[in-house]
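Overview (structure and organization)
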Amino acid sequence: MNETILITGANIGLGKETARQLALRKETKKIILFCRNQAKAEAAKKDLEQQTGKKIFDIIIGDVSDANSVRNAVETIREPIDAIILNAGGMVGKTAKNLTPSGMTELAATNILGHVILVEELIKYNKLKKTVLYPSAEAVPGVKLLGMKPVSMKTSSVDEFAAVLDGSYFGNKFDVTQAYGYVKYVATMWMLSMARKYPAIKFVVVSPGNTKGTLAPENLPPAMKFMLKNFMMPVVFPLMGDMVHKLEVGAKRFVDGISDEQYKSGIFYASREGKLSGKMVDQSTFFPALLNTTFQDNAAEAINLFIK
């Protein structure tokens, strides 16, 4: 059972809905809302208390794109945490390719940097007990029906993974939708590496799927955002089947990922091949690169180049 759970990016969207669902479970004693903005965190806490009737929400302020911010936040955590849901992230938007002080792009730093530090610091100080969940995406194995090509790297070496993180892999043609899939792939491989490194902790990767009510469309280029919001989501996806679901369903994938024993450590679970919703399956069954332990370790090493 997970009594104490920390969720990054918990003041809105999937993070907030996941906190709401977890609060309604009998075993949940405390939920830590890890957020960047104090005012937004306080508003989310108040709303969650009203919705659930529970006074079990605490707030920790930290920015997952800022290494020092996360380290400072970890120092405020006094009690062990059963489970962490590394929800914060997304496509970022127009500033996605800008470099942060770490040397990673803003896209990579927001989705990876602080989460890696958060997990490693909690392990270092023996404050993490059971489970880590990282949200990946169907963009990694690709969705042929939508023209989403699977991630395809030449060598999956440390240098090539590092090039994804600093953006140089994409040259002058930095497409945030493409880069997002590659960044999620690096993070996914890091999680699978951690599962082998720390067998006593469950490291599970779960895609929330194509979820209505998330911020993803707002971070897309204007033309793509218009098509997604006004044509694909309301018209095309409903006709195709297993392509979109409600916010509650996407959040339940996270809840199940940390709570249901059928979801095992060291596996990336997402929709069936070519789908964005519906039943979750092991992605390595049709994307075998996930099973390559050398690739997994190379991704972890590449990330740590930027942290050191």
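See the structure above.
Please read these numbers as outputs of a predicted model, since none were measured by experiment.

Parameters and conventions
- Residues numbered from 1 in each chain as written.
- Predicted model: local features only at pLDDT ≥ 70, side-chain atom pairs only at ≥ 80, totals over all residues.
- Heavy atoms only, no water.
- Phe/Tyr/Trp six-rings, centres within 6.5 Å; stacked < 30°, edge-to-face > 60°.
- Buried < 20%, exposed > 50% of the residue type's maximum accessible area, 1.4 Å probe, protein only.
- Axes fitted to C-alpha atoms, helices over the stretch in contact; angles between N-to-C directions.
- Helix = DSSP H or I, 4+ residues; strand = E, 2+ residues; numbered from the N terminus.
- Parallel < 35°, antiparallel > 145°, perpendicular 65-115°, else oblique.
- Left-handed = near helix turned anticlockwise from the far one by under 90°.
- Contact = heavy atoms within 4.5 Å.
- Nonpolar A, V, L, I, M, F, W, Y, C, P; charged D, E, K, R; others polar.
- Salt bridge = Lys/Arg side-chain N within 4 Å of Asp/Glu carboxyl O.
- Pairing = 2+ DSSP bridges.
- Polar contact = N/O pair within 3.5 Å; in protein donor to acceptor, adjacent residues only side chain to side chain.

Digging into the packing of aromatic side chains
- Evaluated as defined, the whole model comprises eight aromatic pairs.
- Relative to F170, the ring of Y169 has its centre 5.2 Å away and its plane inclined at 80 degrees; by these criteria the two rings are edge-to-face.
- On the basis of relative accessible area, Y169 is assigned to the partly exposed category, the value being 25%.
- For the pair F170 and Y182, a centre-to-centre distance of 5.8 Å together with 90 degrees between the ring planes defines the contact as edge-to-face.

Looking at the packing of helix 4 (residues 106-124) against helix 6 (residues 176-197)
- Interhelical geometry of helix 4 versus helix 6 gives an angle of 15 degrees and a closest axis separation of 9 Å. By the criterion of interaxial angle, the relationship of helix 4 to helix 6 is roughly parallel. Regarding helix 4 and helix 6, the two cross each other, and that crossing is right-handed. In this structure, helix 4 uses L107, A108, N111, I112, H115, V116, V119, E120 and I123 to contact helix 6, whose residues at the interface are V176, A179, Y180, V183, K184, V186, A187, W190 and M194.
- Partitioning the contact of helix 4 with helix 6 into residue classes produces 14 nonpolar, two polar and two charged.

Some points on the pattern of salt bridges
- Applying the stated criterion to the full structure yields eleven salt bridges.
- R25 is paired through a salt bridge with E27; the nearest N and O atoms lie 2.8 Å apart.
- Taking relative accessible area as the criterion, R25 reaches 28% and is therefore assigned partly exposed.
- Two residues, K252 and D256, come together in a salt bridge whose shortest N-O distance is 2.8 Å. Taken together, the residues K252 and D256, both in helix 8 (residues 247-259) and four residues apart, mark about one turn of the helix.
- In this structure K252 comes out as partly exposed when scored by relative accessible area, which is 42%.

A look at the sheet that holds strand 2 (residues 30-35)
- The mixed open sheet is built from eight strands, whose spatial order is 3-2-1-4-5-6-7-8. Among the strands making up the open sheet, the edge pair consists of strand 3 (57-61) and strand 8 (280-282). When the angles between neighbouring strand axes are averaged without regard to direction, this sheet yields 25 degrees.
- Two elements, strand 4 (residues 81-85) and strand 5 (residues 128-135), share four bridges in a ladder whose sense is parallel. Residue pairing across strands places A83 opposite T131, the latter belonging to strand 5.
- Contacts from helix 1 (residues 13-23) reach strand 1 (4-8), strand 2, strand 3 and strand 4, with the element oriented near 165 degrees to strand 1.
- Where helix 4 meets the sheet, it contacts strand 1, strand 2, strand 4, strand 5 and strand 6 (202-206), and its direction lies at approximately 170 degrees from that of strand 5.

Considering helix 5 (residues 158-166)
- Counting buried positions over the nine residues of helix 5 gives seven, a clear majority of the element.
- Of the positions making up helix 5, those classed as buried are V158, E160, F161, A162, A163, V164 and L165.
- The inward-facing, buried residues of helix 5 abut helix 4, helix 6 and helix 9 (293-307).
- Phi turns positive one or two residues past the end of helix 5, at G167, with a value near 85 degrees.

Focus: the environment of T285
- Within the secondary structure, T285 is located in the loop between strand 8 and helix 9.
- Counting along the chain gives 13 residues from T285 to R272, while the straight-line C-alpha distance between them is 9.8 Å.
- Reaching out from T285, the side chain makes a polar contact with the backbone oxygen of D282 at a distance of 2.7 Å.

So, the side chain of E27
- Along the polypeptide, E27 turns up in the loop between helix 1 and strand 2.
- By relative accessible area, which is 18% here, E27 ends up buried.
- Side chain to side chain, E27 and R25 meet in a polar contact 2.8 Å long.
- Not counting the four nearest positions on each side in its chain, E27 is found in contact with M1, N2 and E3.

Thoughts on the packing of helix 5 against helix 6
- Relative orientation of the contacting elements helix 5 and helix 6 amounts to 130 degrees, with a least axis distance of 10 Å. With respect to each other, helix 5 and helix 6 are oriented oblique. Judged by the sense of rotation from one axis to the other, the crossing of helix 5 with helix 6 is left-handed. Note on element contacts: helix 6 touches helix 5 through Y182, V183, Y185 and V186, opposite F161, V164 and L165.
- Split by residue class, the contact of helix 5 with helix 6 holds seven nonpolar, no polar and no charged.

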